[in-house]
Amino acid sequence: MNKGWIYEEQVSKTEAGLTLIEYYTQKYSHSGPSEWLERIQSGQILIDGCSQDPQTLLQPGQKLTYHRPPWEEPEVPLSFEVFYEDDEVLVVAKPSLLPVLPGGGFLEHTLLSLLQQQYPQRTPIPVHRLGRGTSGLVLLARSPHARANLTEQMRSHQVGKIYRALVGSGNIPDHFVITHPIGKIPHPVLGYVFGATADGMKAYSECHVLKRNPTTTLVEVKILTGRPHQIRIHLAVAGYPLIGDPLYQIGGVPRIPEPIAGEKLPVPGDGGYHLHAYGLSFFHPVTGKLIELICPPPTPLI
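An unreviewed UniProt entry annotates the protein chain as Pseudouridine synthase originating from Gloeothece verrucosa. Quoted verbatim from the Function (unreviewed entry) heading of the UniProt record, the comment on the protein chain is "Responsible for synthesis of pseudouridine from uracil."

Caption draft 1: Seen up close, the sheet that holds strand S3 (residues 63–68). Reading across the sheet, the three strands line up as S1-S3-S2 and stay open at both edges, with antiparallel pairing between neighbours. Every other strand in the sheet has two partners, leaving strand S1 (5–10) and strand S2 (45–47) as the edge strands with one partner each. For this sheet the average axis-to-axis angle between neighbouring strands, irrespective of direction, equals 15°. In this sheet, S3 lies alongside S1 in antiparallel orientation, the contact comprising six bridges. Its bridge partner lying in S3, Tyr7 is registered against Tyr66. Sheet strands in contact with helix H1 (residues 20–27) are S1, S2 and S3, and its direction is about 65° off that of S3.

Caption draft 2: Spatial organisation of the domain arrangement of the protein chain. Each domain of the protein chain was delimited in the assignment, giving domain 1 (5–68), domain 2 (74–156) and domain 3 (158–271). Of note, the centres of domain 1 and domain 2, computed from C-alpha atoms alone, are 31 Å apart.

Caption draft 3: Representation of the pattern of salt bridges within the structure. In total, this model carries eight salt bridges according to the counting rule given. Residue Asp174 is joined to Arg212 by a salt bridge in which the shortest nitrogen-to-oxygen separation is 2.6 Å. Of this pair, Asp174 sits in the loop between strand S8 (160–168) and strand S9 (175–178) while Arg212 sits in strand S12 (residues 205–212); the two residues are 38 residues apart in sequence, bridging distant segments of the chain. Each of the salt bridges in this network shares a partner with another, and the network as a whole consists of Glu9, Glu15 and Lys27.

Caption draft 4: Main features of the nonpolar core. Grouped together as the largest cluster of nonpolar side chains are 32 residues, with contacts concentrated most on Leu111 and Leu235. In this structure, this core is formed jointly by two domains, domain 2 (74–156) and domain 3 (158–271), each of which donates at least three residues. In contact with Leu111, other than residues within four places in its own chain, are Phe80, Val92, Leu98, Pro99, Val100 and Val138. Counting 16 residues, the second largest nonpolar core, distinct from the first, contains Leu150, Val159, Leu280 and Cys295.

Caption draft 5: Spatial organisation of the pairing of S9. Because side chains alternate across S9, one face comprises the buried residues Phe176 and Ile178, and the other comprises His175 and Val177, none of which is buried. The pairing of S9 with S12 spans four bridges and is antiparallel. Paired with Val177 across the bridge in S12 is Glu206.

Caption draft 6: Summary view of the packing of aromatic side chains. This structure, assessed with the given rule, holds eight aromatic pairs. With 4.9 Å between their ring centres and 35° between their planes, Tyr24 and Trp36 make a pair best called tilted. Of this pair, Tyr24 sits in helix H1 while Trp36 sits in helix H2 (residues 33–41), placing them twelve residues apart in sequence. By the burial criterion, Tyr24 is buried, and Trp36 matches it. Taking the centre distance of 6.2 Å and the plane angle of 50° together, the rings of Tyr28 and Trp36 count as tilted. A residue is classified by how much of its surface remains accessible, and Trp36, at 1% relative accessible area, is buried. Among the aromatic residues, those joined into a cluster by ring pairs are Tyr7, Tyr23, Tyr24, Tyr28, Trp36 and Tyr66. One cation-aromatic arrangement involves Arg39 over Trp36; the distance from NZ or CZ to the ring centre is 4.4 Å.

The rules behind the values
- Residues numbered from 1 in each chain as written.
- Predicted model: local features only at pLDDT ≥ 70, side-chain atom pairs only at ≥ 80, totals over all residues.
- Heavy atoms only, no water.
- UniProt positions renumbered as here; feature names shortened; annotations may be inferred.
- Pairing = 2+ DSSP bridges.
- Helix = DSSP H or I, 4+ residues; strand = E, 2+ residues; numbered from the N terminus.
- Axes fitted to C-alpha atoms, helices over the stretch in contact; angles between N-to-C directions.
- Contact = heavy atoms within 4.5 Å.
- Domains from an automatic or database assignment.
- Salt bridge = Lys/Arg side-chain N within 4 Å of Asp/Glu carboxyl O.
- Core = buried A, V, L, I, M, F, W, Y, C linked by side-chain atoms within 4.5 Å.
- Buried < 20%, exposed > 50% of the residue type's maximum accessible area, 1.4 Å probe, protein only.
- Phe/Tyr/Trp six-rings, centres within 6.5 Å; stacked < 30°, edge-to-face > 60°.
- Lys NZ or Arg CZ within 6 Å of the ring centre and 35° of its normal.

Set out below in structure tokens:
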């Protein structure tokens, strides 16, 4: 069991006028109305620090707090390997299924929590994220200057990121580029998930076939943008979804079946696919020296 968590938020002008129960049931559909009602009535949800009736009308600027009691988090690999470290920068390799940041039922079983335990004085901050099911290199900053510098390198496409992905066999060209936009698509539980859309954010993925097997193809992917789940979406757009991906199907649109009572809908954090952050390059935020790192992939991605 973890120690629980307090979720804090402020009522916006557009949300004012909703009742307390309407606010949570409409905004957070991962729980049903009866669950939110029980939380409000038991005093887990407060308005400006005080318990209120579920039908209380919200006012703009009010502070809402949800005191979530301790819960048992799913088991995940609780380890990481250091690939580069100095006073300004840390690069680690995380295993598949370990989330980088809290969310989706994970609080302490995350890379950030492990970093807080190992570096309690100056906890390194992730400059980018990897999906929970993705393994490999994560870049972190150990000072405000390094964080600002590396973030700017991300924006200006100076950080090189190379991945290895396993897709099915077929008539896949040796080299191809995908530039399909990526945007938000409604989801009945999460509110939205990212997928291929006509009016989304620009995205660029350059792909090269490394190895062809009877039933699988190993693809190297270099990305210049870092859109959420970009490689999973882009390869699916091209017609080559990742083997074992429970969410993204051909076309790059998330699979959202009709909800069935007792059945869990697929979400982006589900694992099962084969994707590895293989190569990382960046300029050191203090010395300006080019740092290039390679992380050997798991067996299926060699």
